[in-house]
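Take a look at the letters that make up each chain.
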Amino acid sequence: MAILEVNKMNKTYIGKVNYEALKNITLSVEEGEFVAIMGPSGSGKTTLLNCISTIDAPTGGTIHINKISPYALKEEELAAFRRQQLGFVFQDFNLVHTLTVQENILLPLALDRVAQDVMMERLAKVTTILGIQHLLTKRTFEISGGQAQRVAIARAIIHEPTLLLADEPTGNLDTKSVKDVMQLFTTVNQDMNTTILMVTHDAYVASFCQRVVFIKDGEFYNEVYKGNNRQQFYQSIVDNLAFLGGVTHDFS
Amino acid sequence: MTFHDIVWKNVVRDKWTYIAYFLSSVFSIFIFFSFAVSMFHPDLAVISNGSMLAISMTVGAILVYLFSFIFITFSIMAFMHNKKKTLGLFMLIGASKQQMHRMLFYENIIIGVSAIVTAIVAGVICSPLFLLLSRKVLQIDGFAFYMPFKAIGITVLLFLTLFMIVAFISPRMLRTTQIIQLVKGDKQGEKAAVFSRVKWLIGMGMLACIPATIVWLPQQIEENTLMQLCLFLLFLGGLYVVFYQSIQGVLQRIRQSSSFMQGTRPLVVSNLMSDVRANTKMMYLVTILLLGAFFAIIILYLFSTNVAKDTRSNYPFVYTYASHVDNTHEQQHLTIIDDKLNQQPGFAKQELAILVEEDERVGYISNSQYNEAATLLHMSPINLQASEVAIVAGNVGVIPQKDIETQPLDKALLAVKNVIEKNITPTGYFSRLIVLQDEDYTKINKATLSAMTFTNYTFENWTQFIEQDRALNQVLQGNIYERASLFSAVGLYNTERISKNLALYIGFMLALIFIAASLSMIYFRLITHVDRERQQFKSLCKMGLSLQQFHRIINHQLAFLMLVPFVIAVMLVLLALLLAQQLFTSSAVIIVGSITLFALLQLTGYLYVRKYYKKSLLTM
Ligand SMILES: Nc1ncnc2c1ncn2[C@@H]1O[C@H](COP(=O)(O)OP(=O)(O)OP(=O)(O)O)[C@@H](O)[C@H]1O
Ligand SMILES: [Mg+2]
């Protein structure tokens, strides 16, 4: 069953000069799939993710998440939809600095008025998976970048969302943390059967996924599946990137 | 963990962001409460001047309340801006609109209630001091400490309403914003602003209109409130444009100069330019607040120093006993008064016989009597010939009419020789006096006139005579009746002085509130970007910025933000006072003194803000 269906989506930024950031994107993600989106800088990856995550409305086409079209929902329904079906991880800004780690993680449940014992049960589960039990009482500025990213992931999955969306979640992490975080995503994907859609620049990061979708200048360009051989998968990602003219390491 | 926990923690843990705002709210509520304590004092009914105190305190309290409303609304708006990112994140995670509204509402209420409680506790503790101040200003006895339940009630009620209204309005500001705009928040750069000479000139033109109209149309401005309001708005608007454009111009000029990329200058300038709009707005508001503070104090002070002179132009003699011819107690009263006064140094007494035309309130006196009175008042005597008259003003500042009702004079031809614009009788008693040559005066037709005697007294050091004046009034009070009245410059002086002192007292409190608010705005402006700045300095230090350079950057930046508004405010005050020349020359010392005082306050504020801001940048 397709969890996410994007059909002929367009996004035009209106400004002094209108800019068509996404052109006729069609994309389908199956339940339990782990998909990466790649493309050169400015190709529209963040825009695509923002449209899917309901924080920026597309200008054309349709989006269905779990058979629901979020943009057709009323405001209150949309809030509930976000609360229950979606999880987000961003590259930098994720946590509320006035709250502790534990409070940040529990935030989606608190907003949904989940009972206290259920909260604690779920908290124990995700923090064990992510290995952040010892951080719970700390404030957000007392933890490292990699730890903060793990906390953000914990918050994104604690309410067991249908779809987890991540925009460059490993952007400013060191190699060791990148590997940890990607293994976490894999664990979450496999153990909790969470569907994940993430944006990345890094071929190594993308090689953890089952499929990579390439976009260029706001258009669908190509996609590659993992198959059995991870090494081969990595190679074809790198090849595609070279064709796209994008760089694997950019300093934007 | 429930939703309420989150709201609570969100405020409590963010207390350093709110602290300046909280403190200035507390301060405003505190002042309001202190006024209310005097306003509702149970002794008020029995003391003289009580109603005056009540009215002044009410006016003060209303002003404080109005100002608080503006200040609190403005601060909440700024906070909303500051918290955009967090709010966006909450919405992203799925907080419903209702929850967002409730969160903001509770936040405001938490801050509001704690400010009110703090202010009232402080207010009750300090109320003996404030009552003492009121007592000193009014020069009364009694007015002891009491438990001000009524004041507490009214303060809680009014400020709770205020915070409720603001709390209710503020979430509405989120309504139209998309999440994407919230999350991007402070990253959305301001549109790069450009200096425009035309706009600058327009602003200058608007400002120049004000002194021009004051010089050319003084009469209209004095009479027309709408015009005053227009001028005021013109000033506010013009100042904003000039402010904005000048800062733009200066920064751009520096940026374009060849020495721009030298030392720390590019950092200071680009820092200031990065939020030039917000910075300008803040500096503009601070300037306005400081101007308010300066004017409140200087103008009120100037008024209060001229009381003695003003009193004597209203009541030219220290005492005037005005008696109708049929007053049987005249001798008895005059004896009492004489006894009280004749020991005073420089004592002088003079009797003025006046014939009164009751309907028109016109008095007729003889030339020689006028000269006697004029000599006592150090005015020049006049010398009238037959058929000549002089006209003397009856009211302060009103030039008397020249046409003469000839009927009682029995003479068709009269020439007005002098018009004397200074009154010699208590202001308002007559519409004017007509002085006749002595011989003409004897021939006057007394049929329609009634005779009065004004007994005038002067002596030196009359402003010190307050106690005796009170005693004198007491003796005469039950005694004086409708055919006579006593005008006491001492009494008038005392009342006037007390009301001016009250005004000064309230003005001073308002000025303190303004200064506190201005410091709070500066602090708030800095705290808004403290995270970003900290990041920036961290990376700059990695690039080799020395600690010394760091200090220099912060010093320059803060000096610009804090001292420029101060200097501009001072210049505007001096300019305004120069326009009203006589005010300026008569009390240059006071003006310089109070500006120095404010400069010291501001400098202390600058040093403190600088210290804490640097500390918060370097730690964490
Ligand atoms: N708010 C906006 N207004 C106008 N144009 C925008 C806006 N946001 C993005 N764009 C443009 O849309 C295009 C796609 O932007 P997007 O942020 O989606 O790129 P991206 O693929 O995420 O790039 P990167 O890898 O650098 O993050 C870019 O050319 C960008 O200039
Ligand atoms: Mg991006």
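Residues numbered from 1 in each chain as written. Chains lettered and ligands numbered in written order. Predicted model: local features only at pLDDT ≥ 70, side-chain atom pairs only at ≥ 80, totals over all residues. Heavy atoms only, no water.

Peer 1: What is the right way to read the overall build of chain A from this model?
Peer 2: When its secondary structure is counted, chain A shows eight helices and nine strands. Scaling as 2.2 N^0.38, a compact globule of 252 residues should have a C-alpha radius of gyration of about 18 Å, and chain A matches this with 18 Å. Overall, the C-alpha framework of chain A stretches about 50 × 45 × 40 Å when taken along its three principal axes. For chain A, with 252 residues in total, the buried portion stands at 55%. Within chain A, counting contacts between residues at least 6 apart in sequence, those at least 24 apart form 67% of the total. For chain A, the exposed surface amounts to about 10900 Å²; the carbon and sulfur share of it is 49%. (Helix = DSSP H or I, 4+ residues; strand = E, 2+ residues; numbered from the N terminus. Rg over C-alpha atoms; globule rule 2.2 N^0.38 Å. Buried < 20%, exposed > 50% of the residue type's maximum accessible area, 1.4 Å probe, protein only. Contact = heavy atoms within 4.5 Å. Areas by Shrake-Rupley, 256 points an atom, 1.4 Å probe, with all protein chains shown as cover.)

Peer 1: Just to check I follow, could you spell out the pattern of salt bridges for this structure?
Peer 2: Opposite charge on two side chains makes pairing possible when the charged atoms of those side chains draw close. This model, assessed by the stated rule, comprises 13 salt bridges over all chains. For R83 of chain A, the salt bridge is made with D112 of chain A, and the minimal N-O distance between the two is 2.9 Å. Highlighted residues: R83 of chain A in helix α2 (residues 75-85) and D112 of chain A in the loop between α3 (101-111) and α4 (116-130), separated in sequence by 29 residues. With a closest N to O distance of 3.4 Å, E496 of chain B and K500 of chain B form a salt bridge. Residue E496 of chain B and its partner K500 of chain B are located together in helix α18 (residues 489-528), separated by four residues, close to a single helical turn. E496 of chain B gets classed as partly exposed once you look at its relative accessible area, which sits at 30%. One network of salt bridges, with partners in common, ties together E33, R211 and E223 of chain A. (Salt bridge = Lys/Arg side-chain N within 4 Å of Asp/Glu carboxyl O.)

Peer 1: Whenever I open this one, the site of ligand 1 confuses me. Can you help?
Peer 2: Surrounding ligand 1, one finds 14 residues, the nearest of these being S41, K45, T46, T47 and H201 of chain A. Nearby residues place ligand 1 at the junction of chains A and B. Interatomic distance of 2.8 Å between a backbone N/O atom of G42 of chain A and an oxygen atom of ligand 1. H201 of chain A places a polar side-chain atom, nitrogen or oxygen, 2.8 Å from an oxygen atom of ligand 1. Burial of ligand 1 by the surrounding chains reaches 66%, relative to a free accessible area of 630 Å². Looking at which element gives the most residues to the shell around ligand 1, the answer is helix α1 (residues 45-52) of chain A, with three residues. For the shell around ligand 1, the per-class residue count stands at four nonpolar, seven polar and three charged. (Near = heavy atom within 4 Å. Polar contact = N/O pair within 3.5 Å; in protein donor to acceptor, adjacent residues only side chain to side chain. Nonpolar A, V, L, I, M, F, W, Y, C, P; charged D, E, K, R; others polar.)

Peer 1: Mind showing me how you'd approach the interface of chain B and chain A here?
Peer 2: Chain B puts 27 residues into the contact, and the matching count from chain A is 32 residues. In total, chain B and chain A occlude about 2800 Å² of area from one another, counting both sides; carbon and sulfur atoms represent 61% of this. Joining chain B to chain A, the criterion identifies two salt bridges. Here E103 of chain A ties to K9 of chain B by a salt bridge, and the two come within 2.8 Å at their closest N and O atoms. On the surface where chain B and chain A come into contact, there are seven residue pairs in polar contact (both at pLDDT 80 or more). Secondary structure elements with two or more residues in the side of chain B that touches chain A: α1 (3-12), α4 (84-93), α5 (97-138) and α7 (179-184) of chain B. In terms of residue count, the dominant contributor to the side of chain B that touches chain A is α4 of chain B (seven residues). Looking at the side of chain B that touches chain A residue by residue, the class counts come to 12 nonpolar, eight polar and seven charged. (Buried area = accessible area lost by both parts, 1.4 Å probe.)

Peer 1: Could you clarify how one ought to interpret the nonpolar core in this entry?
Peer 2: I105 and I237 of chain A are the most contacted members of the largest nonpolar core, which has 212 residues in total. A total of 16 residues in this core trace back to one element, the largest contributor, which is α18 of chain B. Apart from the residues lying within four places of it in its own chain, the contact partners of I237 of chain A are M38, A203, A206, S207, V212, F214 and V224 of chain A. Among the nonpolar cores identified, the runner-up in size contains 45 residues, and Y319, I337, L384 and Y493 of chain B belong to it. (Core = buried A, V, L, I, M, F, W, Y, C linked by side-chain atoms within 4.5 Å.)

Peer 1: I'm lost on the domain arrangement of chain B in this one. Help?
Peer 2: A common way to report how large an interface is uses the accessible area buried once the components associate. When its domains are assigned, chain B resolves into domain 1 (1-189) and domain 2 (315-489). For domain 1 of chain B and domain 2 of chain B, the distance between their C-alpha centroids amounts to 56 Å. (Domains from an automatic or database assignment.)

Peer 1: Looking at this model, I keep getting lost on the side chain of N371 of chain B. Mind explaining?
Peer 2: Residues and elements named next belong to chain B. Inspection of the secondary structure assignment puts N371 in helix α15 (residues 367-376). Here I382 takes part through its backbone nitrogen, which lies 2.9 Å from a polar atom of the side chain of N371. Residue contacts for N371: discarding those within four places in its chain leaves P381 and I382.

Peer 1: Explain the sheet that holds strand β1 (residues 2-13) of chain A here, please?
Peer 2: All names here are of chain A. Strand order across the open sheet formed by three strands is β2-β1-β4, with antiparallel pairing between neighbours. In the strand order of this sheet, the two ends are held by β2 (19-30) and β4 (60-65), each with one partner. The sheet shows a mean angle of 15 degrees between the axes of neighbouring strands, direction not considered. Pairing analysis gives eight bridges linking β1 to β2, with the strands arranged antiparallel. (Pairing = 2+ DSSP bridges. Axes fitted to C-alpha atoms, helices over the stretch in contact; angles between N-to-C directions.)

Peer 1: How do you make sense of the packing of aromatic side chains when you look at a structure like this?
Peer 2: The geometry of two aromatic rings is summed up by the distance between their centres and the angle between their planes. All chains considered together, the criterion is met by 28 aromatic pairs over all chains. Taking 5.6 Å as the distance between ring centres and 80 degrees as the angle between the ring planes, the aromatic pair formed by Y315 of chain B and F487 of chain B counts as edge-to-face. Remark: F487 of chain B occurs in strand β8 (residues 484-488) and Y315 of chain B occurs in the loop between α13 (307-314) and β1 (319-324); sequence separation between them is 172 residues. Clustering of aromatic rings is evident, with ring pairs tying together Y315, Y429, F430, F454 and F487 of chain B. Geometry around F208 of chain A places R230 of chain A over its ring, the cationic atom sitting 4.3 Å from the centre. (Phe/Tyr/Trp six-rings, centres within 6.5 Å; stacked < 30°, edge-to-face > 60°. Lys NZ or Arg CZ within 6 Å of the ring centre and 35° of its normal.)

Peer 1: Help me out: how do you make sense of the sheet that holds strand β3 (residues 34-38) of chain A in this one?
Peer 2: All names here are of chain A. Strand order in the open sheet made by the six strands is β5-β6-β7-β3-β8-β9, with mixed pairing throughout. Lying at the two open borders of the sheet, with one neighbouring strand each, are β5 (86-89) and β9 (219-225). Ignoring which end each strand starts from, the neighbouring axes of this sheet average 20 degrees apart. Strand direction decides the pairing type here: β3 and strand β7 (residues 195-199), joined by four bridges, are parallel. Along β7, the bridge assignment pairs A36 with M198. Across the sheet, α1 lies against β3, β6 (163-167), β7 and β8 (211-216), angled at about 150 degrees from β6, the strand it touches most.

Peer 1: Got a minute to help me understand unusual backbone geometry in this structure?
Peer 2: All names here are of chain A. Positioned with a positive phi, E168 is a non-glycine residue whose angle comes to about 45 degrees. Of note, E168 is situated in the loop between β6 and α6 (175-191). Under the relative-accessibility criterion, E168 is labelled buried at 17%. In the Ramachandran plot, D217 falls in the positive-phi region, its phi being about 50 degrees despite a non-glycine side chain. As for its placement among the helices and strands, D217 is situated in the loop between β8 and β9.

Peer 1: Even after reading the chapter, I still don't get the environment of F79 of chain B, so can you show me in this structure?
Peer 2: Residues and elements named next belong to chain B. Inspection of the secondary structure puts F79 in helix α3 (residues 50-82). Sequence separation between F79 and F35 is 44 residues, and the spatial gap between their C-alpha atoms is 29 Å. Those residues in contact with F79 that lie beyond four places of it in its chain are T17, Y18, Y21 and F524.

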